[in-house]
Amino acid sequence: MTRNRFQKITAMLHLNKNNNCFPKGDSRFDKLHKVKPLVEALNRSIKDVYKPSNLAAIDESMILFKGRSSLKQYNPMKPIKRGYKVWCLADSVTGFVSNFEIYTGKSENKNSNDTFGERVVLNLTEFDTGTLVAFDNFFTSVKLVSSLHEKGIFSVGTVRANRIGLPDMMKEKSKMQRGEYVFQRKGAVTAIKWMDAKPVTLVISASSKCLSSYNKIMGAVDRFDQLKERYSIGRRSRRPNNFVGKKINRLQESRKVQLSKHVLESIESRRRCRFCSTKEKEIRTKYVCKVCDVPLCVEPCFKKFHDS
C-alpha cells in the first residue's frame, strides 16, 4: 500500500452510521457513537484470545491527548495530566488489560441505584467469576463488595470511612498503636481498620491474607501504563504544523507590506549607519529612512534593520 493511499484511508475511516446517532440532549445520546463498534470489538477479541489469572485490579488509565474534545480530562496526580480517561480491568500478574471502558463524563442513570464507581466495577467484572479483584476508595462500598460476592467474585479495596453501611468503629478516632487493627464482619463482608502512620480502612470479601498482597495486586494498571509508555506508537497530528506555517507566512507578508512603506532618501552630510557601524569600525552613509529617520546603508542594512 502506498503512503498516499494509507493517508486517504485513515482520513476517511468510518466505523458507525451517523443516521443511528441520537441528538444531543436525548437520554440515549452517546459521545462514543462513532467509535463504539471498535471499542466493543476490542473487548470481545481480548476475551476470546486472552485467559487472565485469578488476580486483577480496576483503576484508571490516561491516554495522552492535547487537542479539543469534550471527553478530555485533567488529572494533576497522573504522569499524563491531560487526555482521555479509561477505566481498566488489568491482570495483576502480567499487567494485560482484559476489559476497558472509556470515561465520557458524569451521567445519571435513573434506572440504577448504584453509584458511578459501583457501575464501573460491575460492568468491567461482568464475566470474571472466581477472580480476586482489587480497587481503591473511589469505587469501594459495602454494597459493591457484597454484590460481587453474590456473583462469585472476591474483592478487596480501601474505603472512605464515611461510606454508607460501614460500622461506627471505622469512623471513630480510637487510640491504636501502629500495627494494631480492629474488624467487624457481616455476612461475607468484613470491614477492617488498621493503624499504620494513620488509619487505613478496608472492606474485603476474601481471606484476610490477601491484605498483605493488596498493593501488589492493585499495581496491575500502573504496570500496564508503564508498558504502554515504553512501547508507545504515538501518531503526530499535522494540523499544528500547518497552523504554525500559515502564521509564519502571514507574518512574512505583513513585514513585506510594512517594508514597502519605508523609503530611503539622500541627505547632505553623512551619518553613522545605525545597523552596521561600531566603535571599532565606523561606517557612514548618506542615506536615511524617511519614515524612521534612521541612517542606514542601502545594502544590506536597510532590509536587515526593518526585518529585525
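Here, every reference points to the structure presented above.
Rules used throughout
- Residues numbered from 1 in each chain as written.
- Predicted model: local features only at pLDDT ≥ 70, side-chain atom pairs only at ≥ 80, totals over all residues.
- Heavy atoms only, no water.
- Helix = DSSP H or I, 4+ residues; strand = E, 2+ residues; numbered from the N terminus.
- Contact = heavy atoms within 4.5 Å.
- Buried < 20%, exposed > 50% of the residue type's maximum accessible area, 1.4 Å probe, protein only.
- Polar contact = N/O pair within 3.5 Å; in protein donor to acceptor, adjacent residues only side chain to side chain.
- Core = buried A, V, L, I, M, F, W, Y, C linked by side-chain atoms within 4.5 Å.
- Axes fitted to C-alpha atoms, helices over the stretch in contact; angles between N-to-C directions.
- Parallel < 35°, antiparallel > 145°, perpendicular 65-115°, else oblique.
- Left-handed = near helix turned anticlockwise from the far one by under 90°.
- Nonpolar A, V, L, I, M, F, W, Y, C, P; charged D, E, K, R; others polar.
- Expected span 1.5 Å × (residues − 1).
- Arc of directions from axis to C-beta.
- Pairing = 2+ DSSP bridges.

Some thoughts on the environment of Ile-217
Phase 1: With respect to the secondary-structure elements, Ile-217 resides in helix 5 (residues 214–218).
Phase 2: Leaving out residues up to four positions away in the same chain, Ile-217 has contacts with Leu-55, Ala-56, Ala-57, Ser-92, Leu-132 and Ala-134.

Considering the environment of Gly-219
Phase 1: Examined against the element boundaries, Gly-219 turns out to sit in the loop between helix 5 and helix 6 (220–230).
Phase 2: Owing to a relative accessible area of 23%, Gly-219 belongs among the partly exposed residues under this scheme.
Phase 3: Along the backbone, Gly-219 and Ile-58 are 161 residues apart, and their C-alpha atoms lie at a distance of 9.4 Å.

Details of the side chain of Asn-99
Phase 1: Tracing the chain through its elements places Asn-99 in strand 4 (residues 97–102).
Phase 2: Look at Asn-99 and you get buried, because its relative accessible area is 8%.
Phase 3: A distance of 3.2 Å separates a polar atom in the side chain of Asn-99 from the backbone oxygen of Leu-124.
Phase 4: Those residues within four positions of Asn-99 in sequence are excluded, and the remaining contacts are Asn-43, Lys-47, Trp-87, Cys-88, Leu-89, Asn-123 and Leu-124.

Focus on the nonpolar core
Phase 1: Grouped together as the largest cluster of nonpolar side chains are 19 residues, with contacts concentrated most on Cys-88, Phe-100, Ala-134 and Val-156.
Phase 2: Other than its neighbours up to four places away in sequence, Phe-100 contacts Val-39, Leu-42, Asn-43, Ile-46, Val-86, Trp-87, Cys-88 and Leu-124.
Phase 3: Counting residues in hydrophobic clusters, the runner-up holds 15 residues, among them Tyr-103, Val-120, Val-121 and Leu-144.

Looking at the packing of helix 3 (residues 116–124) against helix 4 (residues 142–150)
Phase 1: In contact at an axis separation of 10 Å, helix 3 and helix 4 are set at 15 degrees when each is read in the N-to-C sense. In terms of orientation, helix 3 and helix 4 fall into the roughly parallel class. The chirality of how helix 3 crosses helix 4 is right-handed. Listed contacts from helix 4 to Glu-118, Val-121 and Leu-122 of helix 3 are Lys-143, Leu-144, Ser-147 and Leu-148.
Phase 2: When its residues are assigned to classes, the contact of helix 3 with helix 4 shows four nonpolar, one polar and two charged.

Section: helix 2 (residues 36–49)
Phase 1: Across its 14 residues, helix 2 extends 20 Å between first and last C-alpha, which sits within 8% of the 20 Å expected from 1.5 Å per residue.
Phase 2: Of the positions making up helix 2, those classed as buried are Val-39, Asn-43 and Ile-46. Along the axis of helix 2, the buried positions cluster into a sector of 60 degrees, meaning they face one direction only. For helix 2, exposure combined with an orientation more than 90 degrees from the buried face picks out Arg-44, Asp-48 and Val-49.
Phase 3: Tucked into the core, helix 2 has its buried residues touching strand 4.

With respect to the pairing of strand 9 (residues 199–204)
Remark: a regular strand shows side chains that alternate across the two faces of the sheet.
Phase 1: One ladder, built from three bridges, connects strand 6 (residues 154–158) with strand 9; its direction is antiparallel. Note that in strand 9 the partner of Thr-158 across the bridge is Leu-202.
Phase 2: Strand direction decides the pairing type here: strand 8 (residues 189–195) and strand 9, joined by six bridges, are antiparallel. Bridge pairing in strand 9 places Ile-192 opposite Leu-202.

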